[in-house]
Amino acid sequence: MPASDEQLMLAYAGGDAGSFDTLYAKHKGPLFRFVLRSVKSRAEAEELFQEIWMRAIEARTRYTPQAKFSTWLYTIAHHRLVDHWRARGLTLVSLDDEERPVSEPQAGPDAEPHRNLEARQTAERLAAALAALPLAQREAFLLHHEGGLDIGEIAAATASGEEAAKSRLRYATNKLREAIGDD
Amino acid sequence: MIEPGDNLVKHYRDLAREEPPAALDSAILAASRRAVGRPSLSRRWAMPVSIAAVLVLAFGVTLQMQREEPGVATSTPQYKSVAPAPPAAKEPALTLDRAISSAPPPVESAPAPNKALASRKRATSEAPPAPLGKIESEAPPEAKRSDAPAEAFEKRAEPKAFADSVAPATAARAPAAAPAAPAAAAAPAPQSSANPSDESRTFGTRDKRESANALQAPARAPAALAEPERELERIARIRSEGRHDEADKALAEFRRKYPEYRIPEAMWERVKPR
């Protein structure tokens with residue numbers, strides 16, 4: 001039976017470097033996309049992504065499996081993003097504000113060229129709508145769809161109430177459905 | 001909420017599946033290995049060799065102590081040739097051996113030296129290992145030492161003092177060594193003696209009174225709250241004194257130390273970079 005994420009992290013904290021390799025391989029993609037879609041540029045995303053993993057490595061001896069590893073990891077990611085947003089003048093109160101302008105949609109050059117036109121256009125609309133969501137709503141959506149966190153885990157990772165997490169996810173979902181014509 | 005067959009989920013999955021670049025993967029994995037990296041060969045063998053050397057020395061000293069003849073007041077001619085220096089003076093072991101063999105047999109206080117020896121042996125085995133260089137280059141140290149057993153590798157006894165006061169010296173060393181041993185044993189404290197984890201408490205508590213738009217520090221035990229908040233207060237004080245570079249460094253260090261700690265808004269205003 002394969003080891004759980006929590007067991008792997010404890011093993012890594014105990015000195016087993018191979019356990020970290022397994023954890024990293026599993027979570028790197030979702031975490032990268034979570035960060036990439038939370039910031040404006042890929043360069044920023046790569047820098048923040050690396051910092052988040054460095055913090056997880058440094059905090060390995062303080063990890064306790066009271067909650068899922070993914071919740072712990074995305075809590076670190078959330079804190080790092082909050083610092084990033086604060087440094088750009090965003091206060092926590094404004095995270096739930098109405099749509100904020102973003103520079104470009106996240107799906108673009110990386111979109112698969114062989115997709116048919118309609119599918120590509122839908123993907124582009126979705127990417128643009130996702131990028132335009134308020135930070136807190138986008139974060140809730142990404143924590144759910146990339147991180148696999150449920151409402152309770154989203155609330156724990158973002159230190160918000162469950163009702164707040166639920167409504168952010170609901171608002172985000174509704175807006176994105178509207179964007180792709182799936183009302 | 002969102003069902004598995006949801007169109008939105010399907011379209012989201014169809015978005016470009018970005019991945020981090022391979023160079024970034026390599027850097028992160030390398031850092032993870034460095035963090036739990038195996039020590040070098042010399043470091044790995046230092047401890048066992050040091051312990052073995054301490055045991056050999058302790059055994060040698062014990063043998064010499066058993067051959068000693070304490071309690072005899074007469075001083076032998078051999079000792080007069082040795083300078084009456086403080087305990088730190090060095091003497092060849094050979095000279096001492098001759099002195100020991102020529103001294104009259106011990107009269108009394110045999111139990112005291114043995115008991116002191118036993119406690120000193122225990123203390124010696126618990127002592128931190130001396131540097132490899134010192135262990136290899138020095139002959140078995142002399143009996144009279146002033147402090148912790150680790151200092152045995154650096155000091156030699158005064159033969160005259162040795163002949164005159166072995167029993168009191170060993171009795172005095174035993175209490176001196178015993179406190180040093182717990183201190184030495186405590187010295188290599190585990191690196192991972194973690195503070196009560198802020199992160200773990202964060203997961204276990206949710207603030208029900210928080211409004212939808214505000215973030216608050218998660219509830220924690222009072223002991224765990226103290227340290228990060230004290231550090232933030234210190235950073236805020238540094239910032240208010242205009243020492244911004246120092247405050248920036250302290251803030252970065254705080255973030256490394258407490259990556260999951262949520263800095264309240266009011267505190268952030270006081271510590272944030274200017």
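Computed from a predicted structure; not experimentally measured. (Residues numbered from 1 in each chain as written. Chains lettered and ligands numbered in written order. Predicted model: local features only at pLDDT ≥ 70, side-chain atom pairs only at ≥ 80, totals over all residues. Heavy atoms only, no water.)

## Brief notes about the overall build of chain B
Step number 1: Each helix and strand in chain B was counted, giving 13 helices and zero strands.
Step number 2: Taking as baseline every contact in chain B between residues at least 6 positions apart, the subset at least 24 positions apart corresponds to 69%.
Step number 3: As presented, chain B carries roughly 14800 Å² of accessible surface, and 60% of it is formed by carbon and sulfur atoms. (Helix = DSSP H or I, 4+ residues; strand = E, 2+ residues; numbered from the N terminus. Contact = heavy atoms within 4.5 Å. Areas by Shrake-Rupley, 256 points an atom, 1.4 Å probe, with all protein chains shown as cover.)

## Let's talk about the confidence of the model for chain A
Step number 1: Of all residues in chain A, 86% have pLDDT values of 70 or greater, and the mean over the chain is 87.
Step number 2: Confidence drops under pLDDT 50 across residues 98-111 of chain A; counting only partners more than four residues distant or on other chains, this segment forms 31 contacts. (pLDDT = per-residue confidence, 0-100.)

## Quick word on the packing of helix α6 (residues 135-145) of chain A against helix α1 (residues 7-14) of chain B
Step number 1: Where α6 of chain A contacts α1 of chain B, the axes come no closer than 12 Å and their chain directions differ by 85 degrees. Judged by the angle between their axes, α6 of chain A and α1 of chain B are roughly perpendicular. In this structure, α6 of chain A contributes F141, L142 and H145 of chain A to the contact, and α1 of chain B contributes L8, V9, Y12 and R13 of chain B.
Step number 2: Partitioning the contact of α6 of chain A with α1 of chain B into residue classes produces five nonpolar, one polar and one charged. (Axes fitted to C-alpha atoms, helices over the stretch in contact; angles between N-to-C directions. Parallel < 35°, antiparallel > 145°, perpendicular 65-115°, else oblique. Nonpolar A, V, L, I, M, F, W, Y, C, P; charged D, E, K, R; others polar.)

## A closer look at the packing of aromatic side chains
Residue and element names in this part refer to chain A.
Step number 1: By the definition in use, this model includes 14 aromatic pairs over all chains.
Step number 2: Look at Y24 and W53: their rings are 5.0 Å apart centre to centre, the planes differ by 65 degrees, and that puts the pair in the edge-to-face class. Of the two residues, Y24 sits in helix α2 (residues 17-36) while W53 sits in helix α3 (residues 42-58), which places them 29 residues apart along the sequence. As far as the burial class goes, Y24 and W53 line up, both buried.
Step number 3: Their ring planes at 75 degrees and their centres at 6.3 Å tell us that F49 and W53 sit as a pair that is edge-to-face. A residue pair is termed a helical-turn pair when its members lie 3 or 4 positions apart in one helix, as F49 and W53 do in helix α3 at four residues.
Step number 4: Overall, the relative accessible area of 0% leaves F49 in the buried class. (Phe/Tyr/Trp six-rings, centres within 6.5 Å; stacked < 30°, edge-to-face > 60°. Buried < 20%, exposed > 50% of the residue type's maximum accessible area, 1.4 Å probe, protein only.)

## Digging into a nonpolar patch on the surface
All names here are of chain B.
Step number 1: A cluster of nonpolar residues, M47, I51 and L55, forms a patch on the protein surface that exposes about 270 Å² of accessible area.
Step number 2: Take L55: it is sitting in helix α3 (residues 41-67).
Step number 3: Of the residues examined, L55 reaches a relative accessible area of 48% and is grouped as partly exposed. (Patch = residues over 30% accessible without salt bridge, like charges linked within 9 Å, V, L, I, M, F, W, Y side chains within 5 Å. Salt bridge = Lys/Arg side-chain N within 4 Å of Asp/Glu carboxyl O.)

## Regarding helix α2 (residues 22-35) of chain B
Step number 1: A rise of 1.5 Å per residue sets the reference length of α2 of chain B, with its 14 residues, at 20 Å; its end C-alpha atoms lie 20 Å apart and thus fit the reference within 8%.
Step number 2: Where α2 of chain B is buried, its residues contact α1 (5-13), α2 and α3 of chain A. (Expected span 1.5 Å × (residues − 1).)

## A closer look at the nonpolar core
Step number 1: Within the largest apolar cluster, 60 residues are counted, with the highest numbers of intra-cluster contacts made by L31, F34, F49, W53, W72, F141 and L176 of chain A.
Step number 2: With 14 residues, the next largest nonpolar core counts L232, A247, F254 and Y261 of chain B among its residues. (Core = buried A, V, L, I, M, F, W, Y, C linked by side-chain atoms within 4.5 Å.)

## Focus on the packing of helix α5 (residues 117-132) of chain A against helix α8 (residues 162-180) of chain A
All names here are of chain A.
Step number 1: Two elements in contact, α5 and α8, have axes whose closest approach is 8 Å; the angle formed by their N-to-C orientations is 150 degrees. In terms of orientation, α5 lies roughly antiparallel with respect to α8. Pair α5 / α8 crosses with right-handed handedness. Residues T122, R125, L126, A129 and L130 of α5 form the contact with α8, whose participating residues are L176, A179 and I180.
Step number 2: Here the contact of α5 with α8 is composed, by residue class, of six nonpolar, one polar and one charged. (Left-handed = near helix turned anticlockwise from the far one by under 90°.)

## Quick look at the interface of chain B and chain A
Step number 1: Between chain B and chain A, the contact holds 53 residues from the first and 74 residues from the second.
Step number 2: Of the roughly 5900 Å² buried between chain B and chain A on both sides combined, carbon and sulfur atoms contribute 59%.
Step number 3: At the boundary of chain B and chain A, one finds seven salt bridges.
Step number 4: R37 of chain A is the salt-bridge partner of E18 of chain B, the closest N and O atoms lying 2.7 Å from each other.
Step number 5: At the junction of chain B and chain A, the tally comes to 20 residue pairs in polar contact (both at pLDDT 80 or more).
Step number 6: Among the secondary structure elements, those contributing two or more residues to the side of chain B that touches chain A are α1, α2, α10 (198-204), α12 (244-257) and α13 (265-271) of chain B.
Step number 7: With nine residues, α2 of chain B is the largest single contributor of residues to the side of chain B that touches chain A. (Buried area = accessible area lost by both parts, 1.4 Å probe. Polar contact = N/O pair within 3.5 Å; in protein donor to acceptor, adjacent residues only side chain to side chain.)

## Thoughts on the side chain of R262 of chain B
Step number 1: Mapped onto the elements of the fold, R262 of chain B is located in the loop between α12 and α13.
Step number 2: Here R262 of chain B falls in the buried class, since its relative accessible area comes to 3%.
Step number 3: Side chain to side chain, R262 of chain B and H78 of chain A meet in a polar contact 3.1 Å long.

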